[in-house]
2 protein chains.
Amino acid sequence: MAVVLYDLVGKGDRRFSPHCWRTRMALAHKGLDCEARATRFTEIAAIGGGCQTVPAIQDGERLVVDSWEIARYLETAYPDRPSLFGGPGGEALTRFVQSWTAAVLHAGLIQLIILDIWQHLTPEDRDYFRDSREKRFGRTLEEVQAGREAKVEDFRQSLHPLRMSLRDAPFLGGEDPLYADYLVFGAFQWARAISPFQLLAADDPIRAWLGRCLDLHDGLGRRAPGYD
Amino acid sequence: MAVVLYDLVGKGDRRFSPHCWRTRMALAHKGLDCEARATRFTEIAAIGGGCQTVPAIQDGERLVVDSWEIARYLETAYPDRPSLFGGPGGEALTRFVQSWTAAVLHAGLIQLIILDIWQHLTPEDRDYFRDSREKRFGRTLEEVQAGREAKVEDFRQSLHPLRMSLRDAPFLGGEDPLYADYLVFGAFQWARAISPFQLLAADDPIRAWLGRCLDLHDGLGRRAPGYD
């Protein structure tokens, strides 16, 4: 029986949640069949079980909420499948990659694509998104995204730890990807789903890694609707 | 027989190299006796064996140069001692922590303490340091360090991935430290050795982790001459 992933969706079946993408890649990494069930922001409460955020997965009788809890659950429940962490040290340091992804990558990206997200939401979700995000930023979505052509330079600079790490190996996980790669990939997949804005310079070596990630698991990421 | 660590030194036996500190902590983590041999910048060439940088270690007949090569050597040569990486995933992701340490932590720190370093060098090393660093920055040491009271705010902000990771565990490595902790600790130990400047706000939770690191291995870091 396939694992159900409650997967955030916008207009035109755009799957744009970075947190859902990391889970979707983790399920594929474990070789599990996945039904990625399209879920709008305003439908999350209807998942039940007290679930208030996505991703959430239903694996048989078990509902697991929160991407990190899901990753740990999958690693424990499917120990004979390829590891997401590559051992206890890998699991611990994956938390650092996750923290960097949140504090640097997501925090930088949101200011470049927040209006693009809104434009790709269904009408039911637009008010919720605008209200909650404008309250968080204390500015309109238009103001947050303004001037992105200049701001993108700082964003590109902030990716340098990623760029350096990829000098010596094809993936953050080494020769093969680990969950840490999916954490970072999820952020780029977020942008790809809903924004035509060019995040990376044409000669950025991160592009080669991104291409490898898009090809993983029979092109799971590349087949999803988005901007290329 | 103790492993010899060629360890960068300034005036008053200040051991200030972040790269040497990560190696010194790694040797202690492996439970190896270490003779940390004081080495000035201008004495590095005399180590021999083509060595041009420190840290370098002499373990019996074997000379190993470069902190990453040393860490890998120790993990391979002493597999029955506590692991520096916690498995293959840990080793791969340690590279990401190392990249972040170089690109964010060291790059930020050097601009806050570069003149303090010069002031703590022996007369023999001062000209070498000033010439090579002023060429690299295209400015005087005084100009690079100027305005640090304002710049430190950005530096503190840039530490947020570290801060977030330490919310859930006492060390980056989890319940116990791994080499990844020593990478980051080395940067703070660099500053501590030669600078009275307050890097962290009084209420920064990173301080608790730093205290734990200073206490490790019988207070190896805390016993070293420095500013507290």
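As a reminder, the structure under discussion sits directly above these lines.
A.B. asks: Explain the sheet that holds strand E2 (residues 34-39) of chain B to me, please; I cannot follow it from the model alone.
C.D. replies: Strand pairing in a sheet takes place through backbone hydrogen bonds and is either antiparallel or parallel in direction. Residues and elements named next belong to chain B. Taken in spatial order, the 4 strands line up as E2-E1-E3-E4 in an open sheet, and their pairing is mixed. Because the sheet does not close on itself, it has two edges, and the strands there are E2 and strand E4 (62-65). Shown here is a sheet whose adjacent strand axes are inclined to one another by a mean of 20°, direction ignored. Bridge analysis of strand E1 (residues 3-8) against strand E3 (residues 56-59) gives 3 bridges, and the strand direction is antiparallel. Residue pairing across strands places valine 4 opposite glutamine 58, the latter belonging to E3. Here helix H1 (residues 18-29) sits on the sheet in contact with E1, E2 and E3, set at roughly 155° to E1. Of the strands in this sheet, E3 and E4 touch helix H2 (residues 67-77), which is tilted by about 135° from E4.

A.B. asks: Whenever I open this one, the relation of the copies chain B and chain A confuses me. Can you help?
C.D. replies: Superposing the two chain copies requires a rotation about an axis and a translation along that axis. Structural alignment of chain B on chain A gives an RMSD of 0.0 Å, achieved by rotating through 180° and translating 0.0 Å along the axis. Overall, the copies show the geometry of a two-fold rotation axis. Among all C-alpha atoms of chain B, that of glycine 90 of chain B lies closest to the rotation axis, at 1.8 Å. A shared binding surface is used by both copies, with 100% of the interface residues of chain B retained as interface residues in chain A.

A.B. asks: How should I be thinking about the interface of chain B and chain A in this particular structure?
C.D. replies: One widely used convention gives an interface's size as the accessible area the parts lose upon coming together. With 28 residues of chain B in contact, the opposing surface of chain A contributes 28 residues. Summed over the three residues of chain B that lose the most area to chain A, namely Leu93, Phe96 and Pro161 of chain B, the buried surface amounts to 32% of that side. Here chain B is connected to chain A by 2 salt bridges. Between arginine 95 of chain A and aspartate 168 of chain B there is a salt bridge whose closest N-O contact spans 2.5 Å. Counting across the interface, chain B meets chain A through 6 residue pairs in polar contact (both at pLDDT 80 or more). Broken down by secondary-structure element, the contributors of at least two residues to the side of chain B that touches chain A are helix H3 (88-119) and helix H7 (160-165) of chain B. No other element matches H3 of chain B, which puts 14 residues into the side of chain B that touches chain A. Partitioned by chemical class, the residues of the side of chain B that touches chain A number 16 nonpolar, 10 polar and 2 charged.

Criteria and cut-off values
- Residues numbered from 1 in each chain as written.
- Chains lettered and ligands numbered in written order.
- Predicted model: local features only at pLDDT ≥ 70, side-chain atom pairs only at ≥ 80, totals over all residues.
- Heavy atoms only, no water.
- Pairing = 2+ DSSP bridges.
- Helix = DSSP H or I, 4+ residues; strand = E, 2+ residues; numbered from the N terminus.
- Axes fitted to C-alpha atoms, helices over the stretch in contact; angles between N-to-C directions.
- Contact = heavy atoms within 4.5 Å.
- Least-squares fit on C-alpha atoms with pLDDT ≥ 70 in both.
- Buried area = accessible area lost by both parts, 1.4 Å probe.
- Salt bridge = Lys/Arg side-chain N within 4 Å of Asp/Glu carboxyl O.
- Polar contact = N/O pair within 3.5 Å; in protein donor to acceptor, adjacent residues only side chain to side chain.
- Nonpolar A, V, L, I, M, F, W, Y, C, P; charged D, E, K, R; others polar.

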